[in-house]
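Tertiary structure, described
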Amino acid sequence: MPSSTTTLAAVAAGCTLLAYGASRLTSSSKKASTDVAITDLDDEILSEEDCISAEDVVAIFDKLFLTMQNVVVQLSQQVQQIQMSGQMIPEAQLRGLLKAEFERALVACQ
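Since this is a predicted model, take the numbers as computed values, not measurements. (Residues numbered from 1 in each chain as written. Predicted model: local features only at pLDDT ≥ 70, side-chain atom pairs only at ≥ 80, totals over all residues. Heavy atoms only, no water.)

1. Some points on the overall build of the protein
We apply this condition: Helix and strand labels come from DSSP, where a helix needs a run of H or I of at least four residues and a strand needs a run of E of at least two; each type is numbered from the N terminus. To sort residues, take the accessible area from a 1.4 Å probe on protein chains only and compare it with the maximum for the residue type: under 20% means buried, over 50% means exposed, and anything in between is partly exposed. By definition in these notes, contact holds between two residues if any of their heavy atoms fall within 4.5 Å. The accessible surface values rely on the Shrake-Rupley method and a 1.4 Å probe; as for residues, cover is taken only from the protein chains in view.
Of the regular secondary structure elements, the protein holds three helices and zero strands. When the helices and strands of the protein are read in sequence order from the N terminus, they spell out α-α-α. Evaluated residue by residue, the protein yields a buried proportion of 16% over its 110 residues. Sequence-distant contacts in the protein: of pairs separated by 6 or more residues, those separated by 24 or more amount to 83%. Of the roughly 8,300 Å² of accessible surface on the protein, a fraction of 59% belongs to carbon and sulfur atoms.

So this is what it looks like as structure tokens:
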């Protein structure tokens, strides 16, 4: 069973990969969609103001990534302090704590 520090490191690495993938996706979609015109969708003509731009998506995911990264850093420090005092946190409790902190941070971002 991996330690709680390993679990937090894996979550941090996953967040980093997610942010990297999102940035690569948006940069490649910018190149591919520069000549695309807005067309009607379900017989509705959409204006550019009604659509979410790639820049908006990148900004949102950047903020989410930084928020989640801060949660992981804070929890890592707390877990490390607990482990240094000789206590261990069960894996299930750590997952629940991580999930609760992520949800709290996301609600605060909304």
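More follows now that the structure is in view.
2. A word on the nonpolar core
In plain terms, the rule: Among the buried residues, those of types Ala, Val, Leu, Ile, Met, Phe, Trp, Tyr and Cys that are joined through side-chain atoms within 4.5 Å form a nonpolar core.
Formed by Met68, Val71, Val72, Leu75, Leu98, Phe102 and Ala105, the largest nonpolar core amounts to seven residues. For this core, the elements supplying multiple residues, two or more each, are α2 (54-84) and α3 (91-109). Take this core: its biggest share by element is four residues, from α2.

3. Digging into the pattern of salt bridges
Pairing between side chains becomes possible if they bear opposite charge and their charged atoms approach one another. Selection criterion: Only one rule defines a salt bridge in this text: a Lys or Arg side-chain nitrogen within 4 Å of an Asp or Glu carboxyl oxygen.
Tallying each qualifying case throughout the model produces one salt bridge. Here Glu101 makes a salt bridge to Arg104, at a shortest N to O gap of 3.1 Å. With Glu101 and Arg104 both in helix α3, this residue pair falls three residues apart, about one helical turn. According to the relative accessible area criterion, Arg104 is partly exposed, its value standing at 45%.

4. Comments concerning the packing of α2 against α3
The following threshold applies: Angles run from 0 to 180 degrees between N-to-C directions of axes, and those axes are lines fitted to C-alpha atoms, restricted for helices to the stretch in contact. It is the rotation of the near helix from the far one that decides the hand of a crossing: anticlockwise by less than a right angle makes it left-handed, clockwise makes it right-handed. Classification used: nonpolar for Ala, Val, Leu, Ile, Met, Phe, Trp, Tyr, Cys and Pro, charged for Asp, Glu, Lys and Arg, polar for all others including Gly.
Close contact between α2 and α3 brings their axes to 10 Å; oriented N to C, the two are set at 140°. Of the two possible hands of crossing, α2 and α3 adopt the one that is right-handed. Between α2 and α3, the residues in contact are Lys63, Leu64, Thr67, Met68, Val71, Val72, Leu75 and Val79 and Leu94, Leu97, Leu98, Glu101, Phe102, Ala105, Leu106 and Cys109, respectively. Classifying every residue of the contact of α2 with α3 by side-chain character gives 13 nonpolar, one polar and two charged.

5. Details of α3
The condition is simple: Helix span is expected to be 1.5 Å times the residue number reduced by one. An arc is given here, and it is the one of the directions from the helix axis to the C-beta atoms.
Here α3 spans 27 Å end to end across 19 residues, near enough to the 27 Å set by a 1.5 Å rise per residue. For α3, the complete set of buried residues consists of Glu91, Leu94, Leu98, Phe102 and Ala105. Relative to the axis of α3, the buried residues are bounded by an arc of 70° and lie together on one face. Relative to its buried face, α3 has exposed residues pointing more than 90 degrees away, namely Ala92, Gln93, Lys99, Val107 and Ala108.

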